[in-house]
Amino acid sequence: METIYDEIEIEDFTFDPITQLFQYPCPCGDRFAIALDDLKDGEDIAVCPSCSLMVRVIFEPEDLEEFEEELK
Amino acid sequence: MYQVLCCGSNGQYQLGIGNDTDQLELVAAKFEIDGTVTTQLAAEPVEVVCGGNHTLVLFSTGEIYSCGDNTFGQCGHQGGQTIEVFRKIDGKWAKAACGWEFTILVDLEGKVYSCGRGLKGELGLGKGVDGNQLREVIDFGPQAVLSVRSSLNHTVVQLADKRLFGWGNARKGQLGVQNAIGTKLESVIWQPRQLKFEGLDDLQVRFFDVGRDYTAFYSNDYKEYGKKATEKVHVNGDVVGLRTMWSSSHLLVKNEKHLSIKSFGNDSHGQLFPQSAHPVVQQFEIGSEHGLILTDQNSVMAWGWGEHGNCGERSGDEVYEDDLSAAAVTYSLNTIYNQAHPVTRLGSGCATSWITIRKL
Ligand SMILES: [Zn+2]
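- As recorded in an unreviewed UniProt entry, chain B goes by RCC1/BLIP-II protein and comes from Suhomyces tanzawaensis NRRL Y-17324.

- Chain A has the name Diphthamide biosynthesis protein 3 in an unreviewed UniProt entry, where Suhomyces tanzawaensis NRRL Y-17324 is given as its organism.
- UniProt lists a comment for chain A under the heading Sequence similarities (unreviewed entry), and it reads "Belongs to the DPH3 family."
- What UniProt records for chain A under Pathway (unreviewed entry) is the sentence "Protein modification; peptidyl-diphthamide biosynthesis."

**Considering the overall build of chain A**
Part 1: Looking only at helices and strands, one finds two helices and six strands in chain A.
Part 2: Element order for chain A, N to C, with α for helix and β for strand: β-β-β-β-α-β-β-α.
Part 3: The C-alpha atoms of chain A give 12 Å as radius of gyration, which agrees with the globular expectation for 72 residues (11 Å, within 12%).
Part 4: The principal-axis extent of the C-alpha atoms belonging to chain A is close to 35 × 20 × 15 Å.
Part 5: About 3800 Å² of surface is accessible on chain A, with carbon and sulfur atoms providing 45% of the total.
Part 6: Between the centroid of the 4 positive side chains of chain A and the centroid of its 21 negative side chains there is a distance of 4 Å.

**Quick notes on the interface of chain B and chain A**
Part 1: Across the boundary between the two partners, chain B contributes 29 residues, which contact 21 residues of chain A.
Part 2: At the boundary of chain B with chain A, total buried surface from both sides reaches about 1800 Å², with 48% on carbon and sulfur atoms.
Part 3: K172 of chain B is the partner of D12 of chain A in a salt bridge, and the nearest nitrogen-oxygen pair spans 2.3 Å.
Part 4: When grouped by side-chain class, the residues that make up the side of chain B that touches chain A number nine nonpolar, ten polar and ten charged.

**Looking at the pattern of salt bridges**
Part 1: One pass over the structure, following the stated rule, counts 22 salt bridges over all chains.
Part 2: Counted as one network, the salt bridges with shared partners bring together D6, E9 and D12 of chain A together with R171, K172, R212, D213 and K227 of chain B.

**Brief notes about the UniProt feature "repeat: RCC" (unreviewed entry) in chain B**
Residues and elements named next belong to chain B.
Part 1: The feature "repeat: RCC" (unreviewed entry), as given by UniProt, occupies residues 2-61, 110-161 and 162-221 in the numbering adopted here.
Part 2: End C-alpha to end C-alpha, residues 2-61 measures 13 Å, and it is 0% helix and 52% strand.
Part 3: Secondary structure over residues 162-221 splits into 0% helix and 43% strand, and the C-alpha atoms at its two ends are 17 Å apart.

**Considerations on the UniProt feature "domain: DPH-type MB" (unreviewed entry) in chain A**
Part 1: Under the present numbering, the feature "domain: DPH-type MB" (unreviewed entry) in UniProt falls on residues 4-60 of chain A.
Part 2: Counting secondary structure, residues 4-60 of chain A comes out at 9% helix and 44% strand; the distance between its end C-alpha atoms is 19 Å.

**Quick notes on the coordination of the zinc ion**
All names here are of chain A.
Part 1: Coordination sphere of the zinc ion, protein contribution only: C26 (SG), C28 (SG), C48 (SG) and C51 (SG), at 2.2 to 2.3 Å.
Part 2: One can describe the site at the zinc ion as tetrahedral: its four donor atoms subtend angles covering 101 to 121° at the metal.
Part 3: Sequence spacing of the donor residues for the zinc ion, all on one chain, is C-x1-C-x19-C-x2-C. Residue C48 shares its accessibility class with C51, and that shared class is buried.

Thresholds applied
- Residues numbered from 1 in each chain as written.
- Chains lettered and ligands numbered in written order.
- Predicted model: local features only at pLDDT ≥ 70, side-chain atom pairs only at ≥ 80, totals over all residues.
- Heavy atoms only, no water.
- UniProt positions renumbered as here; feature names shortened; annotations may be inferred.
- Helix = DSSP H or I, 4+ residues; strand = E, 2+ residues; numbered from the N terminus.
- Rg over C-alpha atoms; globule rule 2.2 N^0.38 Å.
- Areas by Shrake-Rupley, 256 points an atom, 1.4 Å probe, with all protein chains shown as cover.
- Lys, Arg positive; Asp, Glu negative; His and termini not counted.
- Charge placed at Lys NZ, Arg CZ, Asp CG, Glu CD.
- Contact = heavy atoms within 4.5 Å.
- Buried area = accessible area lost by both parts, 1.4 Å probe.
- Salt bridge = Lys/Arg side-chain N within 4 Å of Asp/Glu carboxyl O.
- Nonpolar A, V, L, I, M, F, W, Y, C, P; charged D, E, K, R; others polar.
- Donors = N, O, S within 2.8 Å, 3.2 Å for Na, K, Ca; no water.
- Tetrahedral: all angles 85-135°; square planar, octahedral: opposite > 155°, others 65-115°.
- Buried < 20%, exposed > 50% of the residue type's maximum accessible area, 1.4 Å probe, protein only.

Below is the structure:
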């Protein structure tokens, strides 16, 4: 079974319109990341490239609209 | 002579050992002193303070050395280059605190300085100020600052008269009562101001610390403000210390003569102090998601999330089918130091562990 380290609201992530990634600090020093497209597909687990920790992103589908606006 | 030993996460040279490889065993941090790189320290290191990927060591002389990620100047040196071994920051300092990508320093006259990156008000300098060099934030005056603590994005200062000041990310209530801006509550406190926490009498606060997005206090009882919902915490004995990981709180409790640790909060990776163990605790320090104790036997033990070697190498012979399962990266009081040199201080950061020793 996967252990989720914590749940983080989407407002706390930083969104980079160029990479289209949402990122949030990981306790290892690196950052959890998840792509906007993955969130649109209903994925909600952000992973860290440097360790095994995972967080669940708390969001509503309509929360994504403002970020899609940023891409236009 | 003293040495600063360290292990753990090191992807941005935050251990100050001249390479960027994670360390599973303790190694001696390197300091550039008067042009020479050495691990032998004449002055006593009195505190190790850790940011997201940078580290500061404060000495009894008031000198501070820093290393690690310096992209935004968070090491107190002109921003850009990574600092691979500890390098001295100009000036003499009384206190230091580090957050994710920023550093707060207090000088001997009570002036507070900041450097690094602060998109959520972490620098306390107002909106849009770059922190590529140390800048004065506020002047509290000589002997006025009792304690300063920073976490991910916020800083809380306790003054000698017990007033609390703070700045940074305020969205979850971690900086207390938020002012209204139009129809919304402010999400950032951009410049230092006195904080008010509902139901908290500042004068009674004995200990406080800052978690990832909350602030915890102990006066006659435990209170916390921010992301975690306050739980009713019942403590037997005298509380003599309080420290927070990013998502859990830890009280040092004195029962008759013994010190023990009572933890509460997130336990996804064994962050809560194992209640089955009864080592005689003398000191403790808490990192992002792990902790360290110094026992009466002069040994240092680590517990919690230890994926980067920050809880040392496992001494047992457990075999895990999945190396990255929570169990495989969780530690329960693993001994990381048990040599003869007296341990003087502990430090603990983002998956990093620090032990200062006096060389015999
Ligand atoms: Zn990580």
